[in-house]
Amino acid sequence: MTALTVAGVLLGGTLAGCGGAAAPAPTALAPTALAPTSPTAPAPAAATSAAPKKPPTMAPGPAGRTPVFERRPTGGSAAEKAAAEKVVALTFDADMTADQGARAKAGERFDNPELIALLRRLKVPSTVFMTGRWAEEYPAQAKGIGTDDLFEVANHSYSHYAFTADCYGLPVVAKDTMTRDVERAFSAFRQAGVRNVVPYFRFPGGCYDDAALRALGPADVTAVQWDVVSGDAFATDAGAVAEQMLDGVRPGSLVVMHCTRSAAPVTAEAVGRIVPELRKRGYRFVKVSELMEG
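Residues numbered from 1 in each chain as written. Predicted model: local features only at pLDDT ≥ 70, side-chain atom pairs only at ≥ 80, totals over all residues. Heavy atoms only, no water.

## Considering the pairing of strand β5 (residues 197–201)
Sheet faces and side chains relate simply in a regular strand, where the side chains alternate between the two faces. Along β5, 5 of the 5 residues are buried, which leaves the element largely enclosed by surrounding structure. Burial of β5 is two-sided: the residues Val 197, Pro 199 and Phe 201 facing one way and the residues Val 198 and Tyr 200 facing the other way are all buried. Here 2 bridges tie strand β4 (residues 151–155) to β5, and the two strands are oriented parallel to one another. Note on β5: the bridge partner recorded for Asn 155 is Phe 201. Following the chain from β4 across helix α7 (residues 178–192) to the adjacent parallel β5, one finds a crossover that is right-handed. In this sheet, strand β6 (residues 222–224) lies alongside β5 in parallel orientation, the contact comprising 2 bridges. If you follow Tyr 200 over to β6, its bridge partner there is Thr 222. (Buried < 20%, exposed > 50% of the residue type's maximum accessible area, 1.4 Å probe, protein only. Helix = DSSP H or I, 4+ residues; strand = E, 2+ residues; numbered from the N terminus. Pairing = 2+ DSSP bridges. Right-handed = clockwise from strand over helix to strand, strands pointing away.)

## Description of the packing of aromatic side chains
Within a pair of aromatic rings, the relevant descriptors are the distance that separates the centres and the angle that separates the planes. Inspection of every chain in the model, using the stated rule, returns 6 aromatic pairs. Ring centres of Phe 163 and Phe 203 lie 5.6 Å apart, and the angle between their planes is 75 degrees; this geometry places the pair in the edge-to-face category. In this pair, Phe 163 sits in the loop between β4 and α7 while Phe 203 sits in the loop between β5 and α8 (210–215), placing the two residues 40 residues apart along the sequence. In this structure Phe 163 comes out as buried when scored by relative accessible area, which is 0%. Overall, the relative accessible area of 1% leaves Phe 203 in the buried class. Of the aromatic side chains, those joined through ring pairs into one cluster are Phe 163, Phe 201, Phe 203 and Tyr 208. (Phe/Tyr/Trp six-rings, centres within 6.5 Å; stacked < 30°, edge-to-face > 60°.)

## Brief notes about helix α4 (residues 113–122)
All buried positions along α4 are accounted for by Leu 115, Ile 116, Leu 118 and Leu 119. All buried residues of α4 project into a common sector of 160 degrees when viewed along the axis, lining one side. Exposed residues on α4 whose side chains face more than 90 degrees from its buried face are Glu 114 and Arg 121. Contacts from the buried residues of α4 go to β2 (87–94), β3 (126–130), α6 (139–146), β4, β8 (253–258) and α10 (267–280). Note on α4: the residue one or two positions beyond its end, Lys 123, has a positive phi of about 55 degrees. (Arc of directions from axis to C-beta. Contact = heavy atoms within 4.5 Å.)

## A word on the state of the cysteines
Tallied over the entire structure, the rule returns 1 disulfide. Across a sulfur-sulfur distance of 2.1 Å, Cys 167 and Cys 207 are joined as a disulfide pair. Between Cys 167 and Cys 207 the disulfide shows an S-S torsion of about 80 degrees. By sign, it is right-handed. Of this pair, Cys 167 sits in the loop between β4 and α7 while Cys 207 is found in the loop between β5 and α8, placing the two residues 40 residues apart along the sequence. (Disulfide = S-S within 2.5 Å.)

This is how it looks when you write it as structure tokens:
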């Protein structure tokens, strides 16, 4: 995706999920013949508007390679680490591959509205890495997530095919179509009415190599990985998932989870356990954009 295309995705809608710049204080207008003023009546205020705040990104790597973000740095010394702010970003992959339409039609559920409802009840800001195919299958849910200030929507590819070989058995995207696949996902978000889009990308399966980073350079995205694996994929024990996450979280951590009932059936239950516990430990939940802003 070109820089112009990304700008169109981001600026074509209101980026409420990314926060906004504070509006300047109202400025009094000079009196006019049509709007007389008096000592007891305030002067009319000038119309002001707050421009959307651009989500933070990382600078491209050597030769324009796509940069990769994993967690917020906490400093090198013991004192700096001890003083690090207790923030954590929960991220949820809304996975659906391009060839799973027949399974969805047969009744398999690749969504998880219970999880999204729970995040709303618990007021947990989150980042959803959505595939374009998922947005096409569940456009109403995609729009609901992508117009809610609690969430921001990032790109998880259109097809959920791998960007390297030997990635969990996923089909592989050709190098010369990788950017097109990412663009197609952004297009699917627009068509579904998703507004809170951020220029972040997560590789399907988390699999990438140098060739993939070079191929995705024109997309103008920051790749987002993680430092805590929840283990919710195909898990059946919510307690074990919660324990693994709680053991792994540190200040500045970025956790990967899933928003797919069929492949991650206990995620909502696990989240219901970890959120109160992390808050008790003094943690604050943030979106990836805030974590990256540091």
